[in-house]
Amino acid sequence: MELETSVYRPNVAVYDSPDGVEIRGRYDQVFAKILTRDALGFVAELQREFRGHVRYAMECRREAKRRYNSGAVPGFDPSTKFIRDGEWVCASVPPAVADRRVEITGPVERKMIINALNSGAKVFMADFEDALSPSWENLMRGQVNLKDAVDGTITFNDKARNKVYKLNDLVAKLFVRPRGWHLPEAHILIDGEPATGCLVDFGLYFFHNYAKFRQTQGSGFGPFFYLPKMEHSREAKIWNSVFERAEKMAGIERGSIRATVLIETLPAVFQMNEILYELRDHSVGLNCGRWDYIFSYVKTFQAHPDRLLPDRVLVGMGQHFMRSYSDLLIRTCHKRGVHAMGGMAAQIPIRDDPKANEMALDLVKKDKLREVRAGHDGTWAAHPGLIPICMDAFSHMGNNPNQIKSMKRDDASAITEEDLLQIPRGVRTLEGLRLNTRVGIQYLAAWLTGSGSVPLYNLMEDAATAEISRVQNWQWIRYGVELDGDGLGVRVSKELFGRVVEEEMERIEKEVGKDKFKKGMYKEACKMFTKQCTAAELDDFLTLAVYDHIVAHYPINASRL
Ligand SMILES: CC(=O)SCCNC(=O)CCNC(=O)[C@H](O)C(C)(C)COP(=O)(O)OP(=O)(O)OC[C@H]1O[C@@H](n2cnc3c(N)ncnc32)[C@H](O)[C@@H]1OP(=O)(O)O
Ligand SMILES: O=CC(=O)O
Ligand SMILES: [Mg+2]
């Protein structure tokens with residue numbers, strides 16, 4: 001008899017995986033209901049069919065970066081002018097989601113899913129992306145939670161508060177946002193390589209939920225998705241093919257799946273028509289992902305010292321480049337017959353300070369009124385406490401479910417490349433550098449311990465907002481910018497930043513308390529954040545650069561901190 005030389009097999013239950021699929025995440029009986037042989041087979045099919053396309057698209061991103069780093073700026077592509085000038089429209093909007101005036105977002109956490117679905121918002125966007133730290137536990141629990149939500153059986157027993165959460169009769173329509181194309185899923189190996197994160201998120205969710213969703217939520221359509229962080233229409237084309245592949249597998253009509261694409265990278269604003277065109281049978285519009293968009297402005301212009309950002313708090317929708325982006329998005333969507341969704345105001349309710357609370361809510365109200373008056377068909381809220389204000393602002397639309405036909409915004413056709421690229425105005429201050437540092441470190445500490453969205457200084461912080469803090473610090477250090485806003489006249493240097501980090505760490509320790517500071521991952525986060533802000537080359541994504549620290553391989557946990 002030959003001696004067995006195969007790999008070590010632990011004497012524990014393992015997932016029933018098809019050939020070529022290896023699960024390196026913890027085994028759990030509940031997760032096994034998601035990670036079935038057939039569901040994994042579907043994910044593997046998607047991976048095998050599309051991995052070459054994804055690789056090519058990522059290489060094109062790198063090529064575009066090389067061009068921008070050599071002085072080029074993004075602009076409209078002359079070769080696709082015929083698409084921008086053409087008179088085509090997208091497939092008509094499914095009746096189930098004609099009215100999306102207020103959408104709540106949040107991570108795929110059990111209690112939050114129930115709260116969000118019950119919040120009174122029209123839509124809940126369940127997030128595997130900006131709001132989620134993509135640990136194995138978070139991802140798999142998220143899939144379990146979403147399946148229970150679509151089945152209508154989701155409950156949560158908060159023992160500490162003696163409160164049982166369950167769904168109301170009337171709930172929001174569910175959209176799911178898979179991760180961006182750039183993120184791998186290191187716990188699932190397909191043919192020996194990490195799977196593409198978004199194909200795992202999409203594939204598992206679609207496989208388990210499409211039938212029930214179409215019956216109960218989509219009135220024959222669906223499931224519905226949000227697609228993040230794309231830079232070019234070729235990436236939308238891959239999604240379109242993934243949707244067609246999924247529809248074929250499920251035996252459902254082409255055009256059943258619908259998705260809203262976030263326009264949240266600077267290159268993508270010049271591709272809005274092209275993106276809608278690629279997805280024209282599967283589209284329900286575009287959304288202004290304003291926070292990642294600001295991050296992308298800095299990233300795209302990382303080698304352009306003439307395009308430095310002012311303090312993060314000054315880069316709002318009032319800046320010319322941001323207003324132009326929102327206006328052009330509305331015009332583009334309405335010309336193509338789909339929703340033009342607004343974005344997220346970062347304010348959240350402030351419980352312990354009524355005056356500050358009133359001011360925060362007023363800012364949200366102004367932001368939402370600006371959006372609805374400009375022609376947006378709906379908006380985002382980060383917290384259930386903001387739904388009434390957002391609803392009230394969008395009552396401006398009256399009984400109409402949206403403004404697709406009534407707010408054409410033809411005036412926005414005059415928006416130029418210069419408008420979209422205009423340098424944001426404002427001052428730079430030491431307090432801006434301090435705040436970025438304080439926020440960046442605390443966000444990363446939360447992310448490393450499993451929370452992808454957190455309240456910090458009365459604002460919602462997630463991966464997108466934290467990215468702005470990181471890249472702005474990097475930009476200011478890299479170009480030694482003068483802090484011109486507080487009369488100090490000092491230039492940012494690595495030494496100054498080092499002092500700021502030390503002082504802000506002391507402040508964080510005071511604010512969170514010694515015990516939490518010691519138990520948390522603040523020191524590790526500080527090291528990683530500092531390294532990223534002072535790196536010679538800007539990392540493409542904060543979450544990608546630190547992803548290894550949340551990868552937990554079983555049975556041997558090799559890559560933990
Ligand atoms: C840039 C972008 O991509 S934006 C989209 C991605 N980001 C997000 O989705 C962020 C969503 N928001 C959140 O994660 C949260 O609101 C936070 C982290 C900012 C604040 O959360 P908390 O500290 O829990 O807020 P708070 O204590 O006020 O919550 C009160 C209640 O509202 C619930 N809640 C808060 N936000 C949400 C939400 N977005 N969805 C559902 N429920 C929520 C809480 O679970 C809590 O419920 P409970 O009273 O039953 O216990
Ligand atoms: O995803 C939304 C954003 O603003 O970023
Ligand atoms: Mg985003």
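Everything numeric here is computed off the predicted structure, so don't read it as measured data. (Residues numbered from 1 in each chain as written. Chains lettered and ligands numbered in written order. Predicted model: local features only at pLDDT ≥ 70, side-chain atom pairs only at ≥ 80, totals over all residues. Heavy atoms only, no water.)

A short note on the confidence of the model for the protein chain
Atomic detail in the predicted coordinates should be set aside for any region of low pLDDT.
And step 1. Summing up the model confidence of the protein chain, the mean pLDDT is 96 and the portion of residues at 70 or higher is 97%.
And step 2. A low-confidence stretch, residues 1-9 (pLDDT under 50), is modelled with 1 contact involving residues beyond four sequence positions or located in other chains.
And step 3. Predicted complex metrics record ipTM = 0.99 and pTM = 0.96. (pLDDT = per-residue confidence, 0-100. Contact = heavy atoms within 4.5 Å.)

A closer look at the sheet that holds strand β11 (residues 283-288)
And step 1. Spatially, β2-β3-β6-β9-β10-β11-β12-β13 is the arrangement adopted by the 8 strands of the closed barrel, whose pairing is parallel. Taking each pair of neighbouring strands and ignoring which way they run, the sheet shows an average axis angle of 25°.
And step 2. Note that strand β2 (residues 102-107) and strand β3 (residues 123-127) share 5 bridges and pair parallel. By the bridge assignment for β3, Glu-103 is matched with Val-123. (Pairing = 2+ DSSP bridges. Helix = DSSP H or I, 4+ residues; strand = E, 2+ residues; numbered from the N terminus. Axes fitted to C-alpha atoms, helices over the stretch in contact; angles between N-to-C directions.)

What about the site of ligand 1?
And step 1. In the neighbourhood of ligand 1, 27 residues make up the surrounding shell, with Thr-105, Arg-161, Tyr-165, Arg-351 and Ser-453 lying closest.
And step 2. Residue Lys-111 places a side-chain N or O atom 2.7 Å away from an oxygen atom belonging to ligand 1.
And step 3. Here an oxygen atom of ligand 1 and a side-chain polar atom of His-383 are 2.8 Å apart.
And step 4. When residues of the shell around ligand 1 are traced back to their parent elements, those giving at least two are β2, α4 (110-117) and β14 (454-456).
And step 5. Of the residues belonging to the shell around ligand 1, the class tally is 15 nonpolar, 5 polar and 7 charged.
And step 6. The residues that make up the shell around ligand 1 include at least three from each of domain 1 (40-421) and domain 2 (430-548). (Near = heavy atom within 4 Å. Polar contact = N/O pair within 3.5 Å; in protein donor to acceptor, adjacent residues only side chain to side chain. Nonpolar A, V, L, I, M, F, W, Y, C, P; charged D, E, K, R; others polar. Domains from an automatic or database assignment.)

Considering the domain arrangement of the protein chain
And step 1. With domains assigned, the protein chain is organised as domain 1 (40-421) and domain 2 (430-548).
And step 2. Here the C-alpha centre of domain 2 lies 26 Å away from the C-alpha centre of domain 1.
And step 3. Each side of the interface is counted separately: domain 1 has 39 residues, and domain 2 has 36 residues.
And step 4. Sorting the residues of domain 1 by area buried against domain 2 places Phe-295, Gln-302 and Arg-312 first, and these three jointly supply 21% of that buried surface.
And step 5. At the surface where domain 1 touches domain 2, the tally comes to 2 salt bridges.
And step 6. The salt bridge partner of Lys-65 is Asp-540, with a shortest N-O separation of 2.8 Å.
And step 7. Viewed at the interface, domain 2 and domain 1 are joined by 18 residue pairs in polar contact (both at pLDDT 80 or more). (Buried area = accessible area lost by both parts, 1.4 Å probe. Salt bridge = Lys/Arg side-chain N within 4 Å of Asp/Glu carboxyl O.)

Re the pattern of salt bridges
Side chains that differ in charge, positive against negative, can pair when their charged atoms come close.
And step 1. Going through the model one piece at a time under the given rule, you end up with 51 salt bridges.
And step 2. Here Arg-66 and Glu-63 are joined by a salt bridge, their closest N and O atoms 3.2 Å apart. Remark: Glu-63 and Arg-66 occur in helix α2 (residues 37-69); sequence separation between them is 3 residues, near one turn of the helix.
And step 3. By relative accessible area, which is 42% here, Arg-66 ends up partly exposed.
And step 4. With a shortest N-O distance of 2.7 Å, Glu-504 and Arg-434 are connected by a salt bridge. With Glu-504 in helix α17 (residues 494-512) and Arg-434 in helix α15 (residues 430-448), this residue pair connects regions lying 70 residues apart in the sequence.
And step 5. Residue classification places Arg-434 among the buried positions, given a relative accessible area of 17%.
And step 6. The network of salt bridges with shared partners includes Asp-127, Glu-129, Asp-130, Arg-177, Lys-229 and Asp-292. (Buried < 20%, exposed > 50% of the residue type's maximum accessible area, 1.4 Å probe, protein only.)

Quick look at the site of ligand 2
And step 1. Around ligand 2, the surrounding shell consists of Asp-130, Arg-177, Leu-262, Glu-264, Gly-289, Arg-290, Trp-291, Asp-292, Trp-380 and Ala-464.
And step 2. Arg-290 places a main-chain nitrogen or oxygen 3.1 Å from an oxygen atom of ligand 2.
And step 3. Interatomic distance of 2.9 Å between a backbone N/O atom of Asp-292 and an oxygen atom of ligand 2.
And step 4. For ligand 2, the protein covers 97% of the area, taking 190 Å² as the surface of the free molecule.
And step 5. Broken down by element, the residue count for the shell around ligand 2 peaks at 3 residues, all from helix α10 (residues 290-300).
And step 6. Of the residues assigned to the shell around ligand 2, the class counts are 4 nonpolar, 1 polar and 5 charged. (Areas by Shrake-Rupley, 256 points an atom, 1.4 Å probe, with all protein chains shown as cover.)

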